[in-house]
Each structure stands twice: as C-alpha cells, then as structure tokens.
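Structural overview
So the chains spell out like this:
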Amino acid sequence: MAGGAGGFSSPMEGTEKRRAANKSQSLMPVTVAQLNDARHDDDGSFFVNEREMNHVTFVGVIRSIVDTSTHIVYQVDDMTGPFMTVRRFIQDSDEQSLRSECREGIYVRVTGHLRAFQEQRCVVAFTVSPITDFNELTFHLLEVIHSHLRLQKMAASGGMSMNDTMGGMMVKSESAAMPQAAQHFSSHQQHVLNAIIACRDSQGANIHDLFRSMKMHNIGEDAVRNAVDFLSQEGHIYSTIDDDHYKSTEEY
C-alpha cells in the first residue's frame, strides 16, 4: 500500500532512500582540483556535479611528509592544483611499511574520505599505496574524465538509474593485495575480504554468493554479515549498486 495515515512508505520512496545511500558510498576517481572545487554543504557533505562524493581515490606524487606518533601527513601533488593534505592514521601493523614505502618523490594512490578541518580540506586515507606501474596514472586520468562526463550527463537528465551508481567505479587492478591490517583480522573477516577482493563482477561481490562460498569455511550468514559490517566500517570495502554488493578499497 502506498503511503497513508498508517505511516507506510511507498516502494518508490524506499527505492529513493536506497539510491541516496548508495550515492554517498560509491568510490569516485577524482583529481585534486575537483576535491578543492567540490561544493561543501553545511552538513559536511561534498558534491561534484550534484553527486555526493565521500569515498574518493586519486593519484599523485608525495611532496612532503610530517610524521607523528599517531598519523602521517602527506602533501600530495597531482599537478591539477595546490597540494592536497592527506592524513593516514597508523597502526602497529602497517607503521613500518608506510614509512619505508611512501617517501617524498614517490607516486601513490590515495583512497579515503574528503573532510574539512577548520575550513581546510584534506583526505583522511584508508590506504596510501605506492604506484609501481605508471600506466596507472594514465588509466586514472581516463577514469576521471569518464566519471566526470557521465555525472554531467546524469545531472543534465535529472535522474539516476540503479546501474548509474556505478558511474564512478574503476575496474579491478590485477595488483590488488590483502592490506597489512588484515593480518590482525579474525579468520572470518579474512575469508570474507579475500572473497570480495577476488570477485571479478563489475558490480562487486553479492552477499548471497558470499553466504554460499563461506559455507566451505563453516561461516554462517550472521558471521558473514558481521564481517561485512566490520570491513565496511573500517574502510576496507564499500557498497556499490545496493546494500548487497561490495567491492574492496584495496583494489585501487
């Protein structure tokens, strides 16, 4: 029944709410110029072409590093605008690799959230990974162009289909690897993350497929959902077309 006195929501209203949630959780390839130019709302949200961007990924070269006991601050330059400040909070498990692999003059891929502190924008990073294949720089710029044009087209048409929520996605990197922090995950979390990283579907791993594949490891549905919730909250995975499909941030 459509919305009435009893307070029931219509199917269309529920669909719109889900679409709104998906917009904020998809991973968008961007440039530093787009991060600096994005519209900033009072609630802390950032928008490009009227699309909310929360999880972002960009590439650039590290120009400077400030190392503290709890986090590392990078100034990353992609030559499209002023340097972008990147904050990466460190754990004992990844402290050594971050300090040894991510040095000044090294090209890196940054994946994280765009935030504003005292009116200064920065990216709070899930991952800062050295780039070993410089084809990735060209590939990223092409993805930025493709995503930008697609978002412009969707904004002009005034609508977005469920499949359009994939407009900001990139294809799987063959060099994807388990994150350093994974060694401290539970066995359930490791198995679920492995399965999500291994999934080749452009829409991401379907949670119902995860249920089936995790049976061989004696992991029940509740445990799978708990692992997915944990990995999502920790920034290792994100939802794509709906709340039942997930991809790994370690692929970027």
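Attention in this report is confined to the structure presented alongside it. Note that this is a predicted model, so its numbers are computed, not measured.

Side note on the overall build of the protein chain
Secondary structure assignment for the protein chain yields seven helices and twelve strands. Within the protein chain, the proportion of its 252 residues that are buried is 44%. When the accessible area of the protein chain is evaluated, it comes to approximately 13000 Å², of which 50% is carbon and sulfur surface.

Quick notes on the pattern of salt bridges
One pass over the structure, following the stated rule, counts four salt bridges. The closest approach of N and O atoms between Arg63 and Asp77, which form a salt bridge, is 3.1 Å. Here Asp77 lies in strand 6 (residues 71-77) and Arg63 lies in strand 5 (residues 55-67), a separation of 14 residues in the sequence. Note on Arg63: relative accessible area 38%, which makes it partly exposed. The partner of Glu136 in a salt bridge is Arg109, and the shortest N-O contact between them spans 2.6 Å.

Digging into the packing of aromatic side chains
Taken as a whole and judged by the stated rule, the model has one aromatic pair. For the ring pair Tyr107 and Phe134, a centre distance of 5.6 Å and an interplane angle of 85° mean the geometry is edge-to-face. You can see Tyr107 sitting in strand 8 (residues 107-117) and its partner Phe134 sitting in the loop between strand 9 (120-130) and helix 4 (135-157), a full 27 residues away along the chain.

Considering the sheet that holds strand 4 (residues 51-53)
Spatially, three strands are ordered 2-3-4 in an open sheet, and the strand pairing comes out antiparallel. Across the chains shown, the open sheet's two edge strands, defined by having one partner strand only, are strand 2 (39-40) and strand 4. Of the strand pairs in this sheet, strand 3 (residues 46-48) and strand 4 are connected by three bridges, and their pairing is antiparallel. What sits directly across from Phe46, in strand 4, is Met53.

Each value, and the rule that gives it
Residues numbered from 1 in each chain as written. Predicted model: local features only at pLDDT ≥ 70, side-chain atom pairs only at ≥ 80, totals over all residues. Heavy atoms only, no water. Helix = DSSP H or I, 4+ residues; strand = E, 2+ residues; numbered from the N terminus. Buried < 20%, exposed > 50% of the residue type's maximum accessible area, 1.4 Å probe, protein only. Areas by Shrake-Rupley, 256 points an atom, 1.4 Å probe, with all protein chains shown as cover. Salt bridge = Lys/Arg side-chain N within 4 Å of Asp/Glu carboxyl O. Phe/Tyr/Trp six-rings, centres within 6.5 Å; stacked < 30°, edge-to-face > 60°. Pairing = 2+ DSSP bridges.

These figures capture arrangement, not role.
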